[in-house]
Amino acid sequence: MVAKVFHAKGPHARWPEDFVLVAEVERCDDPDLAFRVVQHFGASHWARQPGVHCLVPEDSARSTRAGDVVVLNGQPLLCLPFTGWQPLE
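Residues numbered from 1 in each chain as written. Predicted model: local features only at pLDDT ≥ 70, side-chain atom pairs only at ≥ 80, totals over all residues. Heavy atoms only, no water.

### Structural notes on the sheet that holds strand β4 (residues 69-72)
A sheet is described by the order of its strands in space; here 6 strands give the open sequence β3-β2-β1-β4-β5-β6, paired in antiparallel fashion. Whereas interior strands pair on both sides, the edge strands pair on one side only; in this sheet they are β3 (52-54) and β6 (84-87). On average, each strand axis in the sheet is tilted by 30° relative to the strand beside it, whichever way the strands run. Of the strand pairs in this sheet, strand β5 (residues 75-80) and β6 are connected by 4 bridges, and their pairing is antiparallel. Across the sheet, residue Cys79 finds its bridge partner in β6, namely Trp85. (Pairing = 2+ DSSP bridges. Helix = DSSP H or I, 4+ residues; strand = E, 2+ residues; numbered from the N terminus. Axes fitted to C-alpha atoms, helices over the stretch in contact; angles between N-to-C directions.)

### Notes on the packing of aromatic side chains
Inspection of every chain in the model, using the stated rule, returns 3 aromatic pairs. Plain terms: the ring middles of Phe6 and Trp15 are 5.0 Å apart, the flat faces sit at 90° to each other, and that makes the pair edge-to-face. By relative accessible area, which is 16% here, Phe6 ends up buried. For the ring pair Trp15 and Phe19, a centre distance of 5.3 Å and an interplane angle of 65° mean the geometry is edge-to-face. Classification of Phe19 as buried rests on a relative accessible area of 9%. Through a chain of ring-to-ring contacts, three or more aromatic side chains come together here, namely Phe6, Trp15 and Phe19. (Phe/Tyr/Trp six-rings, centres within 6.5 Å; stacked < 30°, edge-to-face > 60°. Buried < 20%, exposed > 50% of the residue type's maximum accessible area, 1.4 Å probe, protein only.)

The values reported here are purely geometric and, on their own, carry no functional implication.
Below you can see the structure in the form of structure tokens.
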């Protein structure tokens, strides 16, 4: 399974028109895993993680954060701050 990670274009982004597909994560069936691997850790850029395909220029790729969306099995899930995931219609 492949998880698709979308970053919001701004703080009041509406799904799907205000999001950009930034990464695909191979062998991923957990939104928390997709969220974690599309994060910068120290000097290591997330685009260099095994199984992660960066779909935007690396120098413009930020870490995933609350307000972004992970799509698994066709279901978009909005990342909420500190509380988990909310399915989107």
